[in-house]
Amino acid sequence: MQEEDDPRPRSAKARRGPGRPRGALDPGHDERRRELATAALGAVVQGGARTSLHALARATECSIPTLRHYFGDRSGVIAAALEGARALAEVHLARLADPGALDLAASVRAVADDLVTAWVRHGVGRIFSAGLCAGIFDDLAGPGYLGGVLEPTLQAFEARLRVHAGRGELDLDDDDDEAIRAAGLAFLSPLILALLHQEGLGGRRCRPLDLAAFAEDHAARFLRAYGRAPPTRPATRGRAR
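Residues numbered from 1 in each chain as written. Predicted model: local features only at pLDDT ≥ 70, side-chain atom pairs only at ≥ 80, totals over all residues. Heavy atoms only, no water.

Caption draft 1: The arrangement of the overall build of the chain in detail. Helix and strand counts for the chain come out as twelve helices and zero strands. Walking the chain from its N terminus toward its C terminus, one meets helices and strands in the order α-α-α-α-α-α-α-α-α-α-α-α. Residues classed as buried in the chain amount to 37% of the 241 residues present. A separation of at least 24 residues holds for 65% of the contacts in the chain among residues at least 6 apart in sequence. About 15400 Å² of surface is accessible on the chain, with carbon and sulfur atoms providing 53% of the total. (Helix = DSSP H or I, 4+ residues; strand = E, 2+ residues; numbered from the N terminus. Buried < 20%, exposed > 50% of the residue type's maximum accessible area, 1.4 Å probe, protein only. Contact = heavy atoms within 4.5 Å. Areas by Shrake-Rupley, 256 points an atom, 1.4 Å probe, with all protein chains shown as cover.)

What follows is the structure in structure tokens.
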């Protein structure tokens, strides 16, 4: 008997017609993946290393099989969420990269003050701390944290320093990428460590630190180490009488 004479109903696959080639993605797959990653970020910020796949499913309002379809596993979801944080911070990163008309002294002091304020009052510390906890020693979440949170911050500040170097305000060449990077790490690393110590690890209870005063002192030390002193005028001799 021919297939068209078979009284049995066709399968769902037959009704749909030819399927997609193996490995082909649904239309809108990338956009949907970005939406889910953005929705998952809040759960990562709240849970850090303790963020479960169930918590991620609740945050994204979808099933665990759906998350596995788009991200592979829990680490894949966390990595994508942290990578997506970069797009949400583009305006702030652009402001960090551009000192505008500020000279070096005012510029680094502004960065130090803004970082402390954003960390303590505006949730930046939660993203840095939770991302670090979730990403440490994780082959997927770790690079996600680097690519979405830590490296964009470091590179934006390096761009700021490069502007100052080009103006002759830094004792560095603006095309010396290695030196610019070292200077950026020298400035941001103590600030981030102090903020992690005080805010993320409870250091304010066992060894409190005046973060505003620390930021001011650290900026001054950075200026002494890396700032280029303005040229001094030669002393003028008085007229001989």
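There's more to say after this.
Caption draft 2: Just unusual backbone geometry, in detail. Of note in the backbone geometry, Glu61 takes a positive phi value of approximately 55° without being a glycine. Residue position: Glu61 is located in the loop between α3 (53-60) and α4 (64-71). Since its relative accessible area comes to 73%, Glu61 is described here as exposed. Within the chain, Phe137 stands out as a residue other than glycine whose phi angle is a positive 60°. Mapped onto the elements of the fold, Phe137 is located in the loop between α8 (124-135) and α9 (141-166).

Caption draft 3: Representation of the pattern of salt bridges. Throughout the structure, instances matching the rule amount to seven salt bridges. One salt bridge in this structure joins Arg181 and Glu151, with 4.0 Å as the shortest N-O distance. Here the residue Arg181 occupies a position in helix α10 (residues 177-200), and Glu151 occupies one in helix α9, the gap between them amounting to 30 residues. Note that Arg228 and Asp171 form a salt bridge whose closest N and O atoms lie 3.5 Å from each other. One end of the pair, Arg228, is in the segment after α12 (211-226); the other, Asp171, is in the loop between α9 and α10, with 57 residues separating them in the sequence. Overall, Arg228 belongs to the partly exposed group, its relative accessible area being 38%. (Salt bridge = Lys/Arg side-chain N within 4 Å of Asp/Glu carboxyl O.)

Caption draft 4: Molecular detail of the packing of aromatic side chains. This model, assessed by the stated rule, comprises five aromatic pairs. Between Tyr70 and Phe71 the ring centres are 6.4 Å apart and the planes differ by 50°, which places this aromatic pair in the tilted class. The exposure classification of Tyr70 matches that of Phe71, with both residues buried. Between Phe157 and Phe187, the aromatic rings sit 5.0 Å apart at their centres with planes inclined by 20°, giving stacked as the arrangement. (Phe/Tyr/Trp six-rings, centres within 6.5 Å; stacked < 30°, edge-to-face > 60°.)

Caption draft 5: Up close: the nonpolar core. Formed by 56 residues in total, the largest nonpolar core has its most connected members in Leu56, Leu67, Phe71 and Phe187. For this core, the element with the highest residue contribution is α10, accounting for nine residues. Residues in contact with Phe187, not counting those within four places in the same chain, are Val108, Val111, Ala112, Phe157, His218, Ala219 and Phe222. (Core = buried A, V, L, I, M, F, W, Y, C linked by side-chain atoms within 4.5 Å.)

Caption draft 6: Representation of the environment of Ala39 in the model. One can find Ala39 in helix α2 (residues 29-47). As for Ala39 and Gly84, which are separated by 45 residues in sequence, their C-alpha atoms are 9.9 Å apart.

Caption draft 7: Summary view of the confidence of the model for the chain. Averaged over the chain, the pLDDT score is 89; the fraction of residues at 70 or greater is 85%. Note that residues 1-17 has pLDDT below 50 and, in this model, two contacts with residues that lie over four places away or in other chains. (pLDDT = per-residue confidence, 0-100.)

Caption draft 8: Summary view of helix α5 (residues 74-88). Taking 1.5 Å as the rise per residue, α5 with 15 residues should run 21 Å; its terminal C-alpha atoms sit 21 Å apart, in good agreement. Taken as a whole, α5 has its buried residues at Ser75, Gly76, Val77, Ile78, Ala79, Ala80, Ala81, Leu82 and Ala85. Considering only its buried residues, α5 is in contact with α2, α3, α4, α8 and α9. If you check the start of α5, you find a side-chain oxygen 3.3 Å away from the backbone N of Ser75, and it comes from Asp73. (Expected span 1.5 Å × (residues − 1). Polar contact = N/O pair within 3.5 Å; in protein donor to acceptor, adjacent residues only side chain to side chain.)

Caption draft 9: Layout of α12. Here α12 spans 22 Å end to end across 16 residues, near enough to the 22 Å set by a 1.5 Å rise per residue. For α12, the complete set of buried residues consists of Leu211, Ala215, His218, Ala219, Ala220, Phe222 and Leu223. Where α12 is buried, its residues contact α7 (104-121), α9 and α10.

Caption draft 10: Up close: the environment of His54. Relative to the assigned elements, His54 resides in helix α3. In sequence terms His54 and Leu67 are 13 residues apart; their C-alpha atoms lie 9.9 Å from each other.

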